[in-house]
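Overview (structure and organization)
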Amino acid sequence: SNPSIGIVGSRDINHSTENYIKKAVSKINEYGFSIVSGAAKGVDIMAMNESLENGNCSIGILGSDLIKNSRDRETINFINNDQLLLISPEFPDAHWTIGRAMGRNKYIYLLSSSVLVGQITQDSGGTWSGIKESSKNNWNKVYIKSSNLDPDLRDKLLAMNEVLLDIDFKLEEIEIKDDISI
């Protein structure tokens, strides 16, 4: 029932991004926002886990393997404590495919009041396609971690609608979504 901020990004992250995500999630949680992410390796799972460790809530949008991902004891405890919600637009036993992973991106953006991109290194892949789809459909503002961003990639990102640098990310100015519409 809390408003939420999406956090997405690269699977392979550097130490600087790890520190950034920890600080960002702590601040986001202080303002009463939950974290929404794709539960993938790297930025996604780190942001979700950080929120849970802070005693706050996370929503994982899975593209596959919902049953498999909800079986370990720690996950079950977080679910039972009303801290974690795992959902999927796919059948609960569906196996991973690139199409399913890409298809779940829209739900991360639609369930979030804004999205923070913790790290992006190329203009391809799931993070890139999620940003493009959100920009094209005007779903919400997307904030990109600005440090260590390749200048060419930065220019491509900033040319998109509603894409901003993280220095503009102010939680007190986030518009809370009251409805979800595609």
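First, a word on what this report is: a plain description of the structure on this page. Computed from a predicted model, the values in this text were never measured in an experiment.

1. Quick word on the overall build of the protein
Along the protein, the regular secondary structure elements total eight helices and seven strands. On C-alpha atoms alone, the protein measures out to a radius of gyration of 15 Å, which is about the 16 Å that the 2.2 N^0.38 rule sets for 182 residues. Projected onto its principal axes, the C-alpha coordinates of the protein cover approximately 45 × 35 × 35 Å. Relative to its 182 residues, the protein shows a buried fraction of 45%. Expressed as a percentage of contacts within the protein between residues at least 6 apart in sequence, the contacts between residues at least 24 apart total 71%.

2. Quick look at the packing of aromatic side chains
A full pass over the atoms with the stated rule returns one aromatic pair. Centroid distance Y143 to F169: 4.9 Å. Interplanar angle 65°. Geometry classified as edge-to-face. On the criterion of sequence distance, the pair formed by Y143 in strand β6 (residues 141-144) and F169 in the segment after β7 (163-165) is long-range, its members being 26 residues apart.

3. Describing the environment of S112
Its location among the elements puts S112 in the loop between α6 (105-110) and β5 (114-117). On the accessibility criterion, S112 (0% relative accessible area) is buried. Counting along the chain gives 109 residues from S112 to P3, while the straight-line C-alpha distance between them is 7.4 Å.

Reading guide: rules and limits
Residues numbered from 1 in each chain as written. Predicted model: local features only at pLDDT ≥ 70, side-chain atom pairs only at ≥ 80, totals over all residues. Heavy atoms only, no water. Helix = DSSP H or I, 4+ residues; strand = E, 2+ residues; numbered from the N terminus. Rg over C-alpha atoms; globule rule 2.2 N^0.38 Å. Buried < 20%, exposed > 50% of the residue type's maximum accessible area, 1.4 Å probe, protein only. Contact = heavy atoms within 4.5 Å. Phe/Tyr/Trp six-rings, centres within 6.5 Å; stacked < 30°, edge-to-face > 60°.

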